[in-house]
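Notes for the structure review
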Amino acid sequence: MLKQTIKNKVGAEEWALRVQLAAAYRLVYHFGWDDLVYTHISARIPNTDHHFLLNPLGLTFDEICASNLVKVDLNGNVLDDSNVAVNKAGFVIHSAIHEARQDAMCVIHLHSDYGVAVSMQNNGLIPASQTAMMISFDIAYHDYEGVVTRDDEKKRLIDNIKNKNTVILRNHGTITIGETVGKAFERTYYLEKACKYQILAQSGGRPFYKPSADVLGNVMQGALEVNKDMPYDHSSWEALLRRLDRVDPSFKN
């Protein structure tokens with residue numbers, strides 16, 4: 001469902017955000033983290049009353065482009081002339097975070113293989129790999145309550161997330177939050193890598209070598225300094241956009 005471009009019907013700022021968000025959908029597909037037509041990536045449109053962009057129900061992630069993203073408000077009302085619906089569960093999760101967190105410009109929710117596998121484990125993500133150690137200070141957990149369609153779960157979700165940018169939804173999947181689409185995507189990338197490393201290491205059937213608490217503290221402090229000096233989307237996000245341009249630039253339509 002690649003519709004005619006709406007570039008001339010929206011402002012330049014919204015259009016640029018649509019292109020970035022469509023790129024995130026295509027990259028999730030590229031890395032194999034999608035789940036048919038389910039899960040969602042949203043982006044809040046600046047200078048609006050909490051209006052945000054979301055994927056229309058029924059499209060696979062490789063079909064998403066800038067023009068077929070749907071604009072909705074916090075009440076789930078579709079604000080453009082799209083004759084499409086959005087997924088209720090996706091709307092509840094994303095609207096809760098966008099409303100509560102002013103810094104949450106982009107929210108990525110996935111049901112990836114390794115992310116779900118780790119979400120099922122009592123200990124969650126174990127800070128054993130360097131990647132897991134570097135993000136361990138920024139992880140929150142939310143217990144499973146069933147399919148997220150009830151508004152009363154919003155408060156509990158936000159209370160658990162607080163100011164964290166990486167979330168493991170137990171028995172369900174993952175969420176990452178970013179001040180930009182690029183930051184949210186890179187947080188997803190490193191969370192996915194950490195989850196994959198853990199599952200692969202566990203499949204070896206041998207105990208983990210766990211660094212000392214002092215080493216873990218050093219790694220966490222180093223991660224904080226790196227994140228401050230070089231934002232997540234400093235260079236790799238632009239590199240990923242160039243990759244998309246080479247593979248299939250139709251996300252910009």
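Details of the structure are given in the entry above.
A brief look at the structure comes next.

Rules behind the numbers
Residues numbered from 1 in each chain as written. Predicted model: local features only at pLDDT ≥ 70, side-chain atom pairs only at ≥ 80, totals over all residues. Heavy atoms only, no water. Axes fitted to C-alpha atoms, helices over the stretch in contact; angles between N-to-C directions. Helix = DSSP H or I, 4+ residues; strand = E, 2+ residues; numbered from the N terminus. Parallel < 35°, antiparallel > 145°, perpendicular 65-115°, else oblique. Contact = heavy atoms within 4.5 Å. Nonpolar A, V, L, I, M, F, W, Y, C, P; charged D, E, K, R; others polar. Buried < 20%, exposed > 50% of the residue type's maximum accessible area, 1.4 Å probe, protein only. Phe/Tyr/Trp six-rings, centres within 6.5 Å; stacked < 30°, edge-to-face > 60°. Salt bridge = Lys/Arg side-chain N within 4 Å of Asp/Glu carboxyl O. Pairing = 2+ DSSP bridges.

This brings us to the packing of helix 1 (residues 12-30) against helix 8 (residues 236-247). Two numbers describe how helix 1 lies on helix 8: the axes approach to 10 Å, and their chain directions differ by 75°. Here helix 1 is positioned roughly perpendicular relative to helix 8, judged by the angle of their axes. Contacts between helix 1 and helix 8 involve Gln 20, Ala 23, Ala 24, Arg 26, Leu 27 and His 30 from the first element and Trp 237, Leu 240, Leu 241, Arg 243 and Leu 244 from the second. Per-class residue counts for the contact of helix 1 with helix 8 are 7 nonpolar, 2 polar and 2 charged.

Despite not being glycine, Asn 47 shows a phi value in the positive range, around 60°. Counting through the fold element by element, Asn 47 comes out in the loop between strand 1 (40-44) and strand 2 (52-54). We classify Asn 47 as exposed; its relative accessible area is 74%. The backbone of Asn 171 sits at a positive phi, close to 65°, despite the residue not being glycine.

Two numbers describe how helix 6 (residues 181-203) lies on helix 8: the axes approach to 9 Å, and their chain directions differ by 90°. On the basis of their axis angle, the class for helix 6 and helix 8 is roughly perpendicular. Within the contact between the two elements, helix 6 uses Val 181, Gly 182, Phe 185 and Glu 186 and helix 8 uses Ser 236, Trp 237 and Leu 240. Residue classes in the contact of helix 6 with helix 8 are distributed as 4 nonpolar, 2 polar and 1 charged.

Mapped onto the secondary structure, Ser 119 falls in helix 3 (residues 113-119). Non-local contacts of Ser 119, meaning those with residues more than four positions away in its chain, are made with Ile 168, Leu 169, Arg 170, Asn 171, His 172 and Gly 173.

Next up on the list: the packing of aromatic side chains. Using the criterion set out here, one finds 8 aromatic pairs in the structure. Judged by centre distance (5.7 Å) and plane angle (70°), the rings of Phe 31 and Tyr 189 are edge-to-face. You can see Phe 31 sitting in the loop between helix 1 and strand 1 and its partner Tyr 189 sitting in helix 6, a full 158 residues away along the chain. Overall, the relative accessible area of 27% leaves Phe 31 in the partly exposed class.

Attention shifts here to the pattern of salt bridges. Inspection of every chain in the model, using the stated rule, returns 14 salt bridges. Residue Arg 150 is joined to Asp 152 by a salt bridge in which the shortest nitrogen-to-oxygen separation is 3.5 Å. A salt bridge links Asp 245 to Lys 252; its shortest N-O distance comes to 3.0 Å. Classification of Lys 252 by relative accessible area gives partly exposed; the value is 37%. One network of salt bridges, in which partners are shared, links Glu 145, Arg 150, Asp 152 and Arg 156.

The 7 strands lie next to each other as 3-2-1-4-7-6-5, forming an open sheet whose pairing is mixed. A strand with exactly one partner marks an edge of an open sheet, and here the two such strands are strand 3 (70-72) and strand 5 (139-142). Put simply, the sheet's adjacent strands are angled 20° from each other on average, direction ignored. In this structure, strand 1 lies alongside strand 2, joined through 2 bridges in antiparallel fashion. Each residue of the ladder has a partner; that of Ala 43, found in strand 2, is Leu 53. Strands strand 5, strand 6 (166-169) and strand 7 (173-178) of the sheet are contacted by helix 5 (residues 153-161), whose axis makes an angle of about 150° with strand 5. The strands that helix 6 touches are strand 1, strand 4 (106-110), strand 6 and strand 7; relative to strand 7, the one it contacts most, it runs at about 145°.

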